[in-house]
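# Observations on chain architecture
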Amino acid sequence: MDRLQRRSYRVRWGICTSCGKSRHGVVRPEHGWDYVGEDDLGGLYGACDRCKTEIRYAFYVQHPHWEPMTVGTFCCDGLTGTKMATELRKFDERLKRFNESKRWKLEGDAHLIQQKQIEIRIYKTMGGHRIEMGGIKGSTDYPSLADAKKRVFEFIESGRADEFFKKRNQNA
């Protein structure tokens, strides 16, 4: 089919020549998707709506001209044009290794570890678990040990811990 025949076909069937049906809900768009959220299904209990592969990590994406979909890591990255799903997976894997690390030591009712040259102590309080980093006691109680460890990990990974301690050392 040459170019003139394709144009004639599109005009006859009312297909938009600029989007090739994707904007009108006839064909799923391959670009312009937005990330909405994700879930860890705990095993290969889901299937990607795009490629039908079994998935453990379900990413939810939406598009203005198509119904929302649940997709896997690679399809999420492809549809959104980002590496967000891949980066989230890597972050979750690092967090899991941090939480389960054999470097965590139990001393009395406190959990201790040294991460990036910062001594971390998480101890039990009446309200849950509290964090002490570099000898500085926090004021927030976390409902579980896992929540406190996650907060420590996020603080260190984001670089805010380095900034905090550099600023503190300059003022000392």
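The paragraphs below set out a description of the structure included in this document. (Residues numbered from 1 in each chain as written. Predicted model: local features only at pLDDT ≥ 70, side-chain atom pairs only at ≥ 80, totals over all residues. Heavy atoms only, no water.)

## Points about the overall build of the protein chain
Regarding its fold elements, the protein chain presents 5 helices and 10 strands. Relative to its 172 residues, the protein chain shows a buried fraction of 30%. Across the protein chain, every contact between residues at least 6 apart in sequence was considered, and the portion connecting residues at least 24 apart equals 34%. By element, 50% of the accessible surface of the protein chain is carried by carbon and sulfur atoms, the whole surface being about 11800 Å². (Helix = DSSP H or I, 4+ residues; strand = E, 2+ residues; numbered from the N terminus. Buried < 20%, exposed > 50% of the residue type's maximum accessible area, 1.4 Å probe, protein only. Contact = heavy atoms within 4.5 Å. Areas by Shrake-Rupley, 256 points an atom, 1.4 Å probe, with all protein chains shown as cover.)

## Observations regarding the packing of helix α2 (residues 73-80) against helix α3 (residues 84-100)
With their axes 7 Å apart at the nearest point, α2 and α3 run at an angle of 140° to one another. When the axis of α2 is compared with that of α3, the two are oblique. Contact residues: α2 offers T73, C76 and D77, while α3 offers M84, A85, T86 and R89. Here the residues of the contact of α2 with α3 sort into 3 nonpolar, 2 polar and 2 charged. (Axes fitted to C-alpha atoms, helices over the stretch in contact; angles between N-to-C directions. Parallel < 35°, antiparallel > 145°, perpendicular 65-115°, else oblique. Nonpolar A, V, L, I, M, F, W, Y, C, P; charged D, E, K, R; others polar.)

## Observations concerning the sheet that holds strand β4 (residues 57-63)
The sheet built from 3 strands is open, its strands ordered β1-β4-β5 with antiparallel pairing. The open sheet has two free edges, formed respectively by β1 (34-40) and β5 (66-71), since each of these has just one partner strand. On average, each strand axis in the sheet is tilted by 20° relative to the strand beside it, whichever way the strands run. In the sheet, β4 pairs with β5 via 4 bridges, with the strands oriented antiparallel. For Y60, the partnering residue across the bridge sits in β5 and is T70. Taken strand by strand, α2 contacts β1, β4 and β5, and its axis lies near 20° from that of β4. Most of the contacts of α3 go to β4, to which it runs at about 150°, and overall it touches β1 and β4. (Pairing = 2+ DSSP bridges.)

## Some points on the side chain of T73
Residue placement: T73 occurs in helix α2. Residues within four places of T73 in sequence aside, it is in contact with Y57, F59, A85, T86 and R89.

## Comments concerning the side chain of T86
Tracing the backbone through its elements, the reader meets T86 in helix α3. Overall, the relative accessible area of 18% leaves T86 in the buried class. Not counting residues within four places of it along the chain, the set of residues in contact with T86 comprises T73 and D77.

## Remarks on the pattern of salt bridges
Tallied over the entire structure, the rule returns 7 salt bridges. The salt bridge involving E30 is made with R28; its shortest N-O contact spans 3.1 Å. Residue E30 is classed as partly exposed on the basis of its relative accessible area, which comes to 31%. By relative accessible area, which is 24% here, R28 ends up partly exposed. Several salt bridges converge on common partners, so that one network encompasses R28, E30 and R50. (Salt bridge = Lys/Arg side-chain N within 4 Å of Asp/Glu carboxyl O.)

## Concerning the packing of aromatic side chains
In this structure the tally under the stated criterion is 5 aromatic pairs. An angle of 50° between the planes, with centres 6.5 Å apart, marks the rings of Y35 and F59 as tilted. Placement of the pair is Y35 in strand β1 and F59 in strand β4, with a sequence separation of 24 residues. You can call Y35 partly exposed: its relative accessible area is 25%. Here F164 and F165 contribute two aromatic rings whose centre-to-centre distance is 5.1 Å and whose plane-to-plane angle is 85°, an arrangement assigned as edge-to-face. When its relative accessible area of 15% is taken as the criterion, F165 is described as buried. One cation-aromatic arrangement involves K149 over W104; the distance from NZ or CZ to the ring centre is 4.5 Å. (Phe/Tyr/Trp six-rings, centres within 6.5 Å; stacked < 30°, edge-to-face > 60°. Lys NZ or Arg CZ within 6 Å of the ring centre and 35° of its normal.)

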